[in-house]
Amino acid sequence: MAFKPLHDRVLVRRVASDEKTKGGLIIPESAKEKPAEGEIVAVGTGLRDEDGDRIALDVNVGDRILFGKWSGTEITLEGEELLIMKESDILGVIA
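Residues numbered from 1 in each chain as written. Predicted model: local features only at pLDDT ≥ 70, side-chain atom pairs only at ≥ 80, totals over all residues. Heavy atoms only, no water.

From N to C terminus, the protein includes zero helices and eight strands. Written out in order from the N terminus, the α and β elements of the protein read β-β-β-β-β-β-β-β. In the protein, buried positions account for 27% of the 95 residues. Long-range contacts, defined here as pairs at least 24 residues apart, represent 62% of the contacts in the protein between residues at least 6 apart. Approximately 6,700 Å² of the protein is accessible, and the part contributed by carbon and sulfur atoms is 52%. (Helix = DSSP H or I, 4+ residues; strand = E, 2+ residues; numbered from the N terminus. Buried < 20%, exposed > 50% of the residue type's maximum accessible area, 1.4 Å probe, protein only. Contact = heavy atoms within 4.5 Å. Areas by Shrake-Rupley, 256 points an atom, 1.4 Å probe, with all protein chains shown as cover.)

Here it is, written out as structure tokens:
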């Protein structure tokens, strides 16, 4: 993919949610919520501190993350829907 986020931003691919409930009911597309879980596709180089030194991000490409429902900006790259968000919008990394 020919896209590199800048500074403390990350590019995220949403992870597909289940199509059935735990009870076995099928959820129609119109009733599904967008998942708040994703995989990091690309990361920026990080912010700079007061001395000009780079502060590395705490996440890496391939990490599975959780983020807020309204986090990020949706974009379409090469026909794929992705999110660009700041590292601070990430709630945690799934181990």
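We are not done yet, so read on.
The grouping of Asp-49, Glu-50, Asp-51 and Asp-53 at the surface amounts to a negative patch. Along the polypeptide, Asp-53 turns up in the loop between β3 (47–48) and β4 (54–55). (Patch = residues over 30% accessible without salt bridge, like charges linked within 9 Å, V, L, I, M, F, W, Y side chains within 5 Å. Salt bridge = Lys/Arg side-chain N within 4 Å of Asp/Glu carboxyl O. Lys, Arg positive; Asp, Glu negative; His and termini not counted. Charge placed at Lys NZ, Arg CZ, Asp CG, Glu CD.)

On to the sheet that holds strand β7 (residues 80–86). The strands making up a sheet are joined through hydrogen bonds of the backbone, oriented either antiparallel or parallel. Taken together, six strands build an open sheet; the order of strands is β6-β7-β1-β2-β5-β8 and the sheet is antiparallel. Edge positions in the sheet fall to β6 (73–77) and β8 (90–94), since each has one partner strand and no second. Strand-to-strand twist across the sheet, computed as the mean angle between neighbouring axes with direction ignored, equals 45°. The sheet contact formed by strand β1 (residues 9–14) and β7 spans four bridges and is antiparallel. (Pairing = 2+ DSSP bridges. Axes fitted to C-alpha atoms, helices over the stretch in contact; angles between N-to-C directions.)

Let us look at the side chain of Ser-71. Residue placement: Ser-71 occurs in the loop between β5 (64–67) and β6. Residues contacting Ser-71, with those up to four places away along its chain left out, are Leu-83, Met-85 and Asp-89.

Moving on, we get to the nonpolar core. Counting residues in hydrophobic clusters, the biggest one holds 11 residues: Val-10, Val-12, Ile-40, Val-43, Leu-57, Val-59, Ile-65, Phe-67, Leu-83, Met-85 and Ile-90. Dropping the residues within four chain positions of it, Leu-57 is found in contact with His-7, Asp-8, Arg-9, Val-10, Val-43, Gly-44, Thr-45, Gly-46 and Glu-87. In this structure, Leu-11, Val-41, Ala-42 and Ile-84 belong to the second largest nonpolar core, which totals five residues. (Core = buried A, V, L, I, M, F, W, Y, C linked by side-chain atoms within 4.5 Å.)

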